[in-house]
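Summary of structural features
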Amino acid sequence: MTNFSKELNINLSKAQVWETLSNLGDIYRFNPGVSNSYYSSEAKKGIGAARICELQPMGKVEEVATKWNEGTSYTLQVNPIEKAPPVKNFYVTVEIYAIHPHQSRVKLTVAYDTKFGLLGKLLNNLMIEGQMKQAIQSILEGLKIHLEQGKEIPNNKTCLLYTSPSPRDVEESR
């Protein structure tokens, strides 16, 4: 199983960060690899809450909450719907820690297995893991810009699950 984590400080309270991250349907506002997102469940919070993410340039996944600690963390199981990378048992855990009253640390942890045996492991070593790490970093940077500056991050022509340029690059290209 491949596991990695990325972290980033955000200059807002833990409660303010949680408010945005716990609104699963709005990930398109800060994730440059998601062109659209919306709830696919009646539950908006807690275990079983689910969203659909339409990815750039193509593809779609459903993310379902399998763990939920209100105000602190949740884990989403990522289920491919169409045109997703060759991974299975794919989970993303979101955790928020208070550093100061007006500063928080967001940690995203990714865990997945590859499909296709040795070929999948080779693809993971050559490109999938690196591209996922870059995509997760882009999500964190997009979240920081969205929360601290109030800007929505425009989606781009790359898929969250493959490669996404950093929001800093997106900002510089304007």
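Keep in mind it's a predicted model, so treat the numbers as computed, not measured.

Another point: the pattern of salt bridges. Counting across every chain of the model gives six salt bridges. Residue R105 pairs with E7 through a salt bridge whose shortest N-O separation is 2.7 Å. Taken as a pair, R105 in strand β7 (residues 103-114) and E7 in strand β1 (residues 2-10) lie far apart in primary sequence, 98 residues in all. Close ionic contact of R29 with D26 constitutes a salt bridge, the shortest N to O distance being 3.3 Å. For R29, a relative accessible area of 26% gives the class partly exposed. On the accessibility criterion, D26 (21% relative accessible area) is partly exposed. Beyond isolated ion pairs, a larger network of salt bridges with shared partners links D26, R29 and E152.

If you trace the seven strands from one edge of the open sheet to the other, you get β1-β7-β6-β5-β4-β3-β2, paired in antiparallel fashion. Edge positions in the open sheet fall to β1 and β2 (34-39), since each of these has one partner strand only. Shown here is a sheet whose adjacent strand axes are inclined to one another by a mean of 20°, direction ignored. Helix α1 (residues 14-21) contacts β1, β4 (60-69), β5 (73-82), β6 (87-100) and β7 of the sheet and is inclined by roughly 155° relative to β6.

The next point concerns the confidence of the model for the protein chain. For the protein chain, the average pLDDT comes to 89, and 89% of its residues sit at 70 or higher. Confidence, expressed as mean pLDDT per element, reaches its minimum in the protein chain at helix α3 (residues 167-172) with 42 and its maximum at α1 with 98.

Here we take up unusual backbone geometry. In this structure, N89 is a non-glycine residue whose phi angle is positive, near 50°. Here N89 shows up in strand β6. A positive phi angle is found at F116, which is not glycine, with a value near 70°. Relative to the elements of secondary structure, F116 occurs in the loop between β7 and α2 (117-149). Its relative accessible area of 58% is what places F116 among the exposed residues.

Our focus in this paragraph is the side chain of N31. Structurally, N31 is set in the loop between α1 and β2. One polar contact links the side chain of N31 to the main-chain amide nitrogen of G33, over a distance of 2.8 Å.

Here we come to empty space enclosed by the protein. Evaluated as defined, the whole model comprises two cavities of 30 Å³ or more. In terms of lining, the largest cavity is formed by 24 residues, of which the most central are I27, R51, V92, I136 and I139. At six residues, α2 tops the list of elements feeding residues into the lining of the largest cavity. The residue inventory of the lining of the largest cavity, partitioned by class, reads 20 nonpolar, two polar and two charged.

Before going further, it helps to examine the packing of aromatic side chains. Tallied over the full model, the rule gives four aromatic pairs. Geometrically, the ring pair formed by W18 and Y74 is edge-to-face, given 5.8 Å between the ring centres and 65° between the ring planes. Linking W18 in helix α1 with Y74 in strand β5, this pair joins segments that are 56 residues apart in sequence. Considering the side-chain rings of F90 and Y112, the 5.9 Å spacing of their centres and the 65° angle between planes classify their relative orientation as edge-to-face. Of this pair, F90 sits in strand β6 while Y112 sits in strand β7, placing them 22 residues apart in sequence. Assigned by exposure class, F90 and Y112 land together as buried. Grouped by ring-pair contacts, the aromatic residues W18, W68 and Y74 constitute a single cluster.

Definitions and cut-offs
Residues numbered from 1 in each chain as written. Predicted model: local features only at pLDDT ≥ 70, side-chain atom pairs only at ≥ 80, totals over all residues. Heavy atoms only, no water. Salt bridge = Lys/Arg side-chain N within 4 Å of Asp/Glu carboxyl O. Helix = DSSP H or I, 4+ residues; strand = E, 2+ residues; numbered from the N terminus. Buried < 20%, exposed > 50% of the residue type's maximum accessible area, 1.4 Å probe, protein only. Pairing = 2+ DSSP bridges. Axes fitted to C-alpha atoms, helices over the stretch in contact; angles between N-to-C directions. Contact = heavy atoms within 4.5 Å. pLDDT = per-residue confidence, 0-100. Polar contact = N/O pair within 3.5 Å; in protein donor to acceptor, adjacent residues only side chain to side chain. 1 Å grid on protein atoms, 1.4 Å probe; cavity = no way out; pocket = protein on both sides within 12 Å on 5 of 7 lines; lining within 4 Å. Points joined across faces, edges and corners; volume = space filled by probe spheres on them. Nonpolar A, V, L, I, M, F, W, Y, C, P; charged D, E, K, R; others polar. Phe/Tyr/Trp six-rings, centres within 6.5 Å; stacked < 30°, edge-to-face > 60°.

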